[in-house]
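# Descriptive analysis of the structure
Chain by chain, the residues:
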Amino acid sequence: MASVADLKEKHAAATASVNSLRERLRQRREMLLDTDVARYSKVQGRAPVSFNPTDLVCCRTLQGHSGKVYSLDWTPEKNWIVSASQDGRLIVWNALTSQKTHAIKLHCPWVMTCAFAPNGQSVACGGLDSACSIFNLNSQADRDGNMPVSRILTGHKGYVSSCQYVPDQETRLITSSGDQTCVLWDVTTGQRISIFGGEFPSGHTADVQSVSINSSNTNMFVSGSCDATVRLWDIRIASRAVRTYHGHEGDVNSVKFFPDGHRFGTGSEDGTCRLFDMRTGHQLQVYSREPDRNDNELPAVTSIAFSISGRLLFAGYSNGDCYVWDTLLAEVVLNLGNLQNSHDGRISCLGMSSDGSALCTGSWDKNLKVRTFKKRLFPFTTS
Amino acid sequence: MGEEVAVVLEPPRPKSPPRYPDLCGRRRLQLELQILNREIDFLKDELQSLEGVPQVSRSCKEVNEFVGTKQDPLLPIEKKRHRSCRLFWWIRSKVCICASWICCSCQCLPKCKSPCCFDCSCCSCPDVSCCRSGKKRCCGLDNCSCCDSCCKPVCTSCSPSCSSCCNCKPSCCKPNCSSCCNLSCCKPDCGSCCKPNCSGFKLPSCCKFQCSPSCCHCTLPSCSSCNPCGSCKGCCSCPSDCKPSCGCFSAQCCSCRECCSCPQCSSCFGCFKPFKWSSLFGSCCSCKQCFKCQSSCCKGAPSCCKCQSSCCEGEDGSSSCWRSCCSIPKPSCSGCSCGCVWSCKKCTEGCRCSGCRNPCCATGCLC
């Protein structure tokens, strides 16, 4: 058996190898970095996007939560939204009429994430209870008026930070957790199908904050973590990440696939959003705001969403701003946080409707707001 | 799918092995060596996979091509073409004659399909202002840009002689980048590149020594802005004995000394550092608090972090808590009735009355 001294020597040599390989990787990638999306687009003569301050009008304000809104999700087909709040409730809204269709009191009030099932019949939520609860919206309430839980997915050893149903599959759900793993669940049996990352580290080395499933290829998903990396996973291969994406310098709070399914965006504690190429691993663009006059730290990015064409990137920040980035030219075209009828607090979550016609923002001011382009208010013109 | 009866069961609490292996001695080293060797294999695979990977410009091209293929309801509506331009455009496309003065006379931009421009080959130039400013429209292989001289390629990379580039100022070409301002021409070489101030960084000294493209002065950062534990690369004064297993990623988290003792904390929402979401839910626990778990009170709940006495009040010492221990710090409930007692079985959410400090029922049940 090797002595401790031998092991220490091998450890030092292995550490040096890892550092050297990382440096070679970095240099190799830098050689391939001949341009970025903004420079390329400018050379192509792309015209900038031009918004008037009144273009993205707030057509609905959804009021009803008594605590900060932490998470929201749209249904894939109907215009319904589910939101999760510090008040310990999930509320399901009809975004067209602003009516609440369901108000679900949660067993554990410390909820952090929620998601709609693809058929719109169930919602999932998770938080500090380290579990993911499933509610069937067609269930009858009990005597106390509470909706019963139809399934609890237990197994995580840390808080559940994010959850998403696999598109077009009512029975598959992916969660991310403070225990540094992501899990694919079978909702009908409550069993874990696969665990991504974990005890023998091939995955994240810190809390995982966000997941996004590729709607073009539902076998692939990405996860963002406090270890400042994003990892790509194939749900058929849980033993190791397909690829790791470096670049951010702080916790990655939000990840979202680009509409073409070959790229994804990220938002981070370092104040930047980035666009990565899934297949090559290249960092294509950094969306970085200017520091303020007082040279304070950049506010963190809390949540991101892409418009349906990919031309716009919406990013919510910890200081209440919500920038609309021109994805191609890497310029801010609008700040929803400065508009009339904007939120009074931090925007904690963003979501795009499935048809791309509306953006919903959730905030610490306890409200949700739905914005559309004013000249295309249908179907939101009916109120 | 079949619906379950709504019975909320206690989650199973299997006895799990210690979260961290033995942190001292041979076993720790062996495990870390195993992890490093695996990482070496992954990195070699990744390095190999980069062979043959196209440059970033190819992905940028794909992104540009994709954007615009789908109608976007949130984008401003483009201006409609004037009728006269539409007719003109149709005629032009049929006649297929193109002269630069005709191209510039219209709001819209006619696209000439056959090579016949005045003194350039035809192309589809989207930028009308190029015409109006009087500059000729130069046609590259598949794009146009506004240039003083016609028909020169676009500078996608810095060529030795910028006179062959369309939009590259001669001073920007390598090797002399001292007056560089067109970033597309200059390679990011910290020593000789004139770049704007470090956007995105608080201080120039925060730039990593690898010199990110937006950095002007690349020096090693001070550790106040980098992770003191774990990845100390690039930091100038990080202690060398920082243990990556601490998982600390915030400068405010802990010093390396404290990180080494973090694993002794029993699991408290996975916190080995000030809980990331503590600003949302109140502070979870610090490692110090984790030691205060009263085992008799928290029977059956080994993960109980700080067992509130309200969990067990009203019970005598011989009986186990009939209610599972509160592993979540309970808020004070300013609005609760101090008359309603915790022991009421209808009470599902206990807390402490901020006034009298008695255990209260947050849901205000009446017994």
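Computed from a predicted model, the values in this text were never measured in an experiment.

## Concerning the overall build of chain A
In terms of helices and strands, chain A carries two helices and 28 strands. Taken across its 383 residues, chain A has 62% of its residues classed as buried. Across chain A, contacts joining residues at least 24 apart in sequence account for 48% of those joining residues at least 6 apart. With the model as given, the accessible surface of chain A reaches about 14100 Å², and the carbon-plus-sulfur share is 45%.

## Brief notes about the packing of aromatic side chains
Residue and element names in this part refer to chain A. A complete count under the given rule lists twelve aromatic pairs over all chains for this structure. A network of ring pairs unites the aromatic residues Tyr245, Phe257, Phe264 and Phe276 as a single cluster. In this arrangement the basic side chain of Lys68 is found over the ring face of Trp364, its NZ or CZ atom lying 3.9 Å from the centre. One cation-aromatic arrangement involves Arg289 over Tyr317; the distance from NZ or CZ to the ring centre is 4.5 Å.

## Let's talk about the UniProt feature "coiled-coil region" (unreviewed entry) in chain B
Within the UniProt annotation, "coiled-coil region" (unreviewed entry) is assigned to residues 26-53 of chain B. Counted over residues 26-53 of chain B, helix gives 86% and strand 0%. Its end C-alpha atoms are 41 Å apart.

## Here we look at the sheet that holds strand β17 (residues 243-245) of chain A
Residues and elements named next belong to chain A. Spatial strand order, β14-β15-β16-β17: four strands in an open sheet with antiparallel pairing. Either end of the sheet is taken by a strand with one partner, and the two such strands are β14 (208-213) and β17. Strand-to-strand, the axes of this sheet are offset by a mean angle of 25°, without reference to chain direction. Pairing of β14 with strand β15 (residues 220-225), which is carried by five bridges, proceeds in the antiparallel orientation.

## With respect to helix α1 (residues 25-49) of chain B
Between its first and last C-alpha atoms α1(B) spans 36 Å; for 25 residues at 1.5 Å apiece the expected length is 36 Å, and the two agree. Taken together, the buried positions of α1(B) are occupied by Leu29(B), Leu33(B), Leu36(B), Ile40(B), Phe42(B), Leu43(B), Glu46(B) and Leu47(B). Structurally, α1(B) contributes buried residues whose contacts are with α1 (4-32) and β17 of chain A.

## Examining unusual backbone geometry
All names here are of chain A. Despite not being glycine, Ser98 shows a phi value in the positive range, around 70°. Checked against the element boundaries, Ser98 lands in the loop between β4 (89-94) and β5 (100-105). Overall, the relative accessible area of 25% leaves Ser98 in the partly exposed class. Positive phi is not limited to glycine here, since Ala228 has a value of about 70°. Note on placement: Ala228 falls in the loop between β15 and β16 (230-234). Classification of Ala228 as buried rests on a relative accessible area of 16%.

## Concerning the pattern of salt bridges
Counted under the stated rule, the structure contains 19 salt bridges over all chains. Residues Glu23(A) and Arg26(A) are paired through a salt bridge, measuring 2.8 Å at the closest nitrogen-oxygen approach. A residue pair is termed a helical-turn pair when its members lie 3 or 4 positions apart in one helix, as Glu23(A) and Arg26(A) do in helix α1 at three residues. A residue is classified by how much of its surface remains accessible, and Glu23(A), at 25% relative accessible area, is partly exposed. Each of the salt bridges in this network shares a partner with another, and the network as a whole consists of Asp260(A), Arg263(A), Asp277(A), Arg279(A), Arg58(B) and Glu62(B).

## Let's talk about the environment of Pro54(B)
Structurally, the position occupied by Pro54(B) is in the loop between α1 and α2 (56-66). A residue is classified by how much of its surface remains accessible, and Pro54(B), at 28% relative accessible area, is partly exposed. Those residues in contact with Pro54(B) that lie beyond four places of it in its chain are Leu32(A), Thr280(A) and His282(A).

## Brief notes about the pairing of strand β20 (residues 272-277) of chain A
All names here are of chain A. For β20, the tally of buried residues reaches six of six residues, placing the bulk of the element in the interior. The side-chain alternation of β20 yields two buried faces, one formed by Thr272, Arg274 and Phe276 and the other by Cys273, Leu275 and Asp277. Turn length for the strand β19 (residues 263-268)-β20 hairpin, with the two strands adjacent in sequence and antiparallel, is three residues, and the turn residue Gly271 shows positive phi of about 90°. Pairing analysis gives five bridges linking β20 to strand β21 (residues 283-288), with the strands arranged antiparallel. Within the sheet, the bridge partner assigned to Arg274 lies in β21 and is Val286. In this antiparallel pair of consecutive strands, β20 and β21, the connection spans five residues, and Gly281 shows a positive phi of 85°.

## Overview of the side chain of Ser162(A)
As for its position among the elements, Ser162(A) is in strand β10 (residues 160-165). Sequence-distant contacts of Ser162(A), that is, excluding residues within four places in its chain, are made with Thr113(A), Ile174(A), Thr175(A), Ser176(A), Gln209(A), Ser210(A) and Val211(A).

## A closer look at the environment of Ser161(A)
All names here are of chain A. Topologically, Ser161 is positioned in strand β10. Overall, the relative accessible area of 5% leaves Ser161 in the buried class. Along the backbone, Ser161 and Ser71 are 90 residues apart, and their C-alpha atoms lie at a distance of 9.9 Å. When neighbours within four sequence positions are excluded, Ser161 is seen to be in contact with Met112, Thr113, Ser176, Ser177, Val208, Gln209 and Ser210. In this structure the side chain of Ser161 is engaged in a polar contact, spanning 2.6 Å, whose partner is the backbone oxygen of Val208. A polar contact of 3.5 Å, which involves the side chain of Ser161, links it to the backbone oxygen of Gln209.

Quick notes on the rules
Residues numbered from 1 in each chain as written. Chains lettered and ligands numbered in written order. Predicted model: local features only at pLDDT ≥ 70, side-chain atom pairs only at ≥ 80, totals over all residues. Heavy atoms only, no water. Helix = DSSP H or I, 4+ residues; strand = E, 2+ residues; numbered from the N terminus. Buried < 20%, exposed > 50% of the residue type's maximum accessible area, 1.4 Å probe, protein only. Contact = heavy atoms within 4.5 Å. Areas by Shrake-Rupley, 256 points an atom, 1.4 Å probe, with all protein chains shown as cover. Phe/Tyr/Trp six-rings, centres within 6.5 Å; stacked < 30°, edge-to-face > 60°. Lys NZ or Arg CZ within 6 Å of the ring centre and 35° of its normal. UniProt positions renumbered as here; feature names shortened; annotations may be inferred. Pairing = 2+ DSSP bridges. Axes fitted to C-alpha atoms, helices over the stretch in contact; angles between N-to-C directions. Expected span 1.5 Å × (residues − 1). Salt bridge = Lys/Arg side-chain N within 4 Å of Asp/Glu carboxyl O. Polar contact = N/O pair within 3.5 Å; in protein donor to acceptor, adjacent residues only side chain to side chain.

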